[in-house]
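# Residue-level structure breakdown
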Amino acid sequence: MKTFKYVITDPVGIHARPAGQLVAAAKKYASNVDIELNGKSASAKKLINLMSLGVKQGNEITVKVEGADEDTAAAELEAWLKANL
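Reference entry: report on the structure contained in this document. Counting of residues starts from 1 at the beginning of each chain's written sequence and follows it residue by residue. Side-chain atom pairs in this predicted model are given and counted only at pLDDT of 80 or more, local residue features only at pLDDT of at least 70, and totals for whole chains, interfaces and linings cover all residues. For side-chain calculations, the full set of non-hydrogen atoms in the structure is used, while hydrogens and water are omitted.

### So, helix α1 (residues 16-26)
Of the residues making up α1, those classed as buried are P18, A19, L22, V23, A25 and A26. Viewed along the axis of α1, the buried residues span an arc of 160°, placing them on a single side of the element. Set apart from the buried face of α1 by more than 90 degrees, the exposed residues are A16 and R17. Contacts between residues were defined by any pair of non-hydrogen atoms, one from each residue, lying within 4.5 Å. Think of it this way: any DSSP run of H or I at least four residues long counts as a helix, any run of E at least two long counts as a strand, and we number them from the N terminus. Elements in contact with the buried residues of α1: β2 (32-37), α2 (47-52) and α3 (70-84). Each residue gets one of three labels from its accessible area relative to the maximum for its type: buried under 20%, exposed over 50%, partly exposed in between, using a 1.4 Å probe on protein chains only. The arc in question is traced by the directions running from the helix axis to the C-beta atoms.

Spelled out as structure tokens, the structure:
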């Protein structure tokens, strides 16, 4: 399992458009991708679950990636977050 933390810098947090883009990015990988915030966890491959976390600017999320392509998935998703959120 690969885990990393990221602080959201987008002024609106994870709102509809970037959440949809994050879901699309996560679905490219066979690995399970979960995002945790304040003790709640949601699959990054399910839009409604991801939106239910209510991630705001300044929140530190924990991303957990587990599966066959976890190394690649974790590195690329971390780069995606830095570029987009």
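This is not the end of the story, as more comes after the structure.
### Side note on the nonpolar core
We define the nonpolar core as a collection of buried residues of types Ala, Val, Leu, Ile, Met, Phe, Trp, Tyr and Cys that are connected through side-chain atoms lying within 4.5 Å of one another. With 27 residues, the main nonpolar core has I35, L50, I61, V63 and L81 as its most contacted residues. Secondary structure elements with two or more residues in this core: β1 (2-7), α1, β2, β4 (60-66) and α3. L50 has contacts with I14, A19, L22, V23, I35, A42 and S43, leaving out every residue within four places of it along the chain.

### Let's talk about the packing of α1 against α3
Between α1 and α3, the least distance of the axes is 11 Å, while the angle of their chain directions is 165°. Taken as axis vectors, α1 and α3 run roughly antiparallel relative to one another. In terms of crossing hand, the pair formed by α1 and α3 is right-handed. Contacts between α1 and α3 involve P18, Q21, L22, A25 and A26 from the first element and L77, W80 and L81 from the second. Residue classes follow a fixed rule: Ala, Val, Leu, Ile, Met, Phe, Trp, Tyr, Cys and Pro count as nonpolar, while Asp, Glu, Lys and Arg count as charged, and any other residue, Gly among them, counts as polar. The class makeup of the residues in the contact of α1 with α3 is seven nonpolar, one polar and no charged. Here an axis means a line fitted to C-alpha atoms, over the contact stretch when the element is a helix, while the angle between two N-to-C directions is reported on a 0 to 180 degree scale. Angles are sorted into four bins: roughly parallel if under 35 degrees, roughly antiparallel if over 145, roughly perpendicular if 65 to 115, and oblique for all others. We call a crossing left-handed when the near helix sits turned anticlockwise from the far one by less than a right angle, and right-handed when that turn is clockwise.

The values are spatial; any link to function lies outside them.
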